[in-house]
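Observations on the model geometry
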2 protein chains.
Amino acid sequence: MAMDKTISRATVERLPIYYRELELAEEAGVQIISSSELGRRLEITPEQIRKDLVSFGQFGRKGIGYEVSALRNSVGKILGLNHRWRLAIIGAGNLGTALASYNFSALGFIVAALFDADPKIIGTEINNLRVYDFAKFKPIAGRKLIDIGVIAVPEIEAQDVADVLIKAGIRGIWNFASIKIETPPEVALINVDLTASLSVLSFYLARSSK
Amino acid sequence: MAMDKTISRATVERLPIYYRELELAEEAGVQIISSSELGRRLEITPEQIRKDLVSFGQFGRKGIGYEVSALRNSVGKILGLNHRWRLAIIGAGNLGTALASYNFSALGFIVAALFDADPKIIGTEINNLRVYDFAKFKPIAGRKLIDIGVIAVPEIEAQDVADVLIKAGIRGIWNFASIKIETPPEVALINVDLTASLSVLSFYLARSSK
């Protein structure tokens, strides 16, 4: 996967958390925020926040803090949220259909196409999106300017779908199949791991039932 | 939410990552692993790993490392994965149906019931699970020994559903609706934030297209 050698994955994963908290602060009318206050809200040490942000430039002023609106804007740009990424969902089953109606647009993501291999589904409309034949992925993805392929097919088909996406020149894959997918280094792959999130819930339940 | 004051949320969120990597190491026949090696694999500093684990006890031996199998077992217990948590999914639409067929059982989670309010869906079967009337949640959840309620309804209904779960004595809520839900401190709430995961992908795409 296309990892940036200088920025750790853990840092990258904290950026959306900073972004969301800054959005909330901005909506609440907060103009300046210190790393201590941001850290207190997020349960992250102020040192960690300063270290994460300094990887991308000089944002805050010593003894004063960060300008909320400017920092939210900068973090948004670092996260590429100024782009309007176009998603194609592969697999128009229950998961694909659920994702097609998910509200991604607040962060500028657009679901631009749905694909399936089932002749009974191809040509139908889901959430105002036509379902295209996955066999024609490359030309349609080109026409629809797809940036990101969302894998919402059964585990057993996931690698084959990924291979088609990669051959078609897709550089970003968001994988919902709970299986390890092989991708070349120039393709960014993010796996959605629902069991990790559920395990965190399990932790708190186990603690509280002691 | 039922936060453990002594353990930070960030630490808890790293535990499933340790667990999975230890599982992989165990399957590969690795018997002893150092915090440096674990850190290298996960892109987390060895100090962070040692600090996270020491919150729960003394696992490794200085200069030797951790016994992979014993540590995986301990982390699994800390995460409550020795319990067999029983889930009820509320909302038998596309998302609920997709979740009902997701493979959670590897980590010991069991989808034990599905609920919906739509008379057309109540009484049908999805993935061998009968859909029950959400109006009868409390007695059915009691009989089915439900631990965790999974909210898979539209945003506008999410808080009402949560209120019913809480009144019925459910202590763990896994929320897929992209809206902030209010819960009392004794209820553990985990929100599944798909946009955060998608933002990480956006980061790598933006970097690579520079």
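Relevant structure appears above.
Computed from a predicted structure; not experimentally measured.

What counts and how
Residues numbered from 1 in each chain as written. Chains lettered and ligands numbered in written order. Predicted model: local features only at pLDDT ≥ 70, side-chain atom pairs only at ≥ 80, totals over all residues. Heavy atoms only, no water. Phe/Tyr/Trp six-rings, centres within 6.5 Å; stacked < 30°, edge-to-face > 60°. Buried < 20%, exposed > 50% of the residue type's maximum accessible area, 1.4 Å probe, protein only. Contact = heavy atoms within 4.5 Å. Buried area = accessible area lost by both parts, 1.4 Å probe. Salt bridge = Lys/Arg side-chain N within 4 Å of Asp/Glu carboxyl O. Helix = DSSP H or I, 4+ residues; strand = E, 2+ residues; numbered from the N terminus. Pairing = 2+ DSSP bridges. Axes fitted to C-alpha atoms, helices over the stretch in contact; angles between N-to-C directions. Core = buried A, V, L, I, M, F, W, Y, C linked by side-chain atoms within 4.5 Å. Least-squares fit on C-alpha atoms with pLDDT ≥ 70 in both. Arc of directions from axis to C-beta.

**A short note on the packing of aromatic side chains**
Within this structure, the stated rule accounts for 18 aromatic pairs over all chains. A ring pair is formed by phenylalanine 134 of chain B and phenylalanine 137 of chain B, whose centres lie 5.6 Å apart and whose planes are at 50°; its orientation type is tilted. No difference in accessibility class separates phenylalanine 134 of chain B from phenylalanine 137 of chain B, as the two residues are buried. Three or more aromatic residues joined by ring pairs make a cluster, and in this case those are Tyr102, Phe104, Trp174 and Phe176 of chain A.

**Here's the deal with the interface of chain A and chain B**
Listed by partner, the interface residues are 59 residues for chain A and 59 residues for chain B. For the pair chain A and chain B, the summed buried surface comes to about 5500 Å²; carbon and sulfur atoms form 69% of the total. Contact with chain B buries surface across chain A, with Leu194, Leu198 and Tyr204 of chain A losing the most and accounting together for 13% of the total. On the surface where chain A and chain B come into contact, there are two salt bridges. Among the salt bridges present, the one from aspartate 193 of chain B reaches arginine 20 of chain A, with a minimum N-O distance of 2.5 Å. For the side of chain A that touches chain B, the secondary-structure elements that each account for two or more residues are helix H1 (9–27), helix H5 (94–100), strand S8 (172–175), strand S9 (188–191) and helix H8 (194–208) of chain A.

**Details of the sheet that holds S9 of chain A**
The seven strands are arranged S5-S6-S4-S3-S7-S8-S9 (chain A) in an open sheet whose pairing can be described as mixed. Each end of this open sheet is capped by a strand with a single partner; those strands are strand S5 (125–126) and S9 of chain A. Bridging between S8 of chain A and S9 of chain A involves four bridges; their strand directions are parallel. By the bridge assignment for S9 of chain A, tryptophan 174 of chain A is matched with isoleucine 190 of chain A. Lying over the sheet, helix H7 (residues 155–167) of chain A contacts strand S3 (86–90), strand S7 (148–151) and S8 of chain A, oriented at roughly 170° with respect to S7 of chain A. Those strands touched by helix H8 (residues 194–208) of chain B are S3, S7, S8 and S9 of chain A, and its axis lies near 160° from that of S8 of chain A.

**A look at the pattern of salt bridges**
A side chain of one charge can pair with a side chain of the opposite charge when the charged atoms of the two come close. On inspection of all chains with the given rule, the structure shows 16 salt bridges over all chains. Through salt bridges with shared partners, a single network forms among Glu21, Glu37, Arg40 and Arg41 of chain A.

**Things to note about the nonpolar core**
Within the largest apolar cluster, 104 residues are counted, with the highest numbers of intra-cluster contacts made by Trp174 of chain A together with Trp174 of chain B. What tryptophan 174 of chain A contacts, discounting residues up to four positions off in sequence, is Phe104, Ile148, Gly149, Val150, Ile151, Ile190 and Val192 of chain A together with Leu194, Ser197, Leu198 and Leu201 of chain B.

**A word on the relation of the copies chain A and chain B**
Mapping chain A onto chain B is achieved by rotating through 180° and translating by 0.0 Å along the same axis, at an RMSD of 0.0 Å. What the rotation and shift describe, once combined, is the action of a two-fold rotation axis. By C-alpha distance to the rotation axis, the residue of chain A lying nearest is asparagine 94 of chain A, at 2.3 Å. In this assembly the copies share their binding face: 100% of the residues contributing to the interface of chain A also contribute to that of chain B.

**Some remarks on the environment of isoleucine 17 of chain A**
Locating isoleucine 17 of chain A in the fold gives a position in helix H1. Sequence separation between isoleucine 17 of chain A and leucine 42 of chain A is 25 residues, and the spatial gap between their C-alpha atoms is 8.1 Å.

**Focus on helix H4 (residues 68–78) of chain B**
Three or more residues of H4 of chain B are buried, namely Val68, Leu71, Arg72, Val75, Gly76 and Ile78 of chain B. Within H4 of chain B, the buried residues cover an arc of 160° as seen down the axis, which keeps them to one side. In the core, the buried residues of H4 of chain B are packed alongside H8 of chain A together with helix H1 (9–27), strand S1 (32–33), helix H3 (46–54) and strand S2 (66–67) of chain B. Positive backbone phi, approximately 75°, marks glycine 80 of chain B, located one or two places after H4 of chain B.

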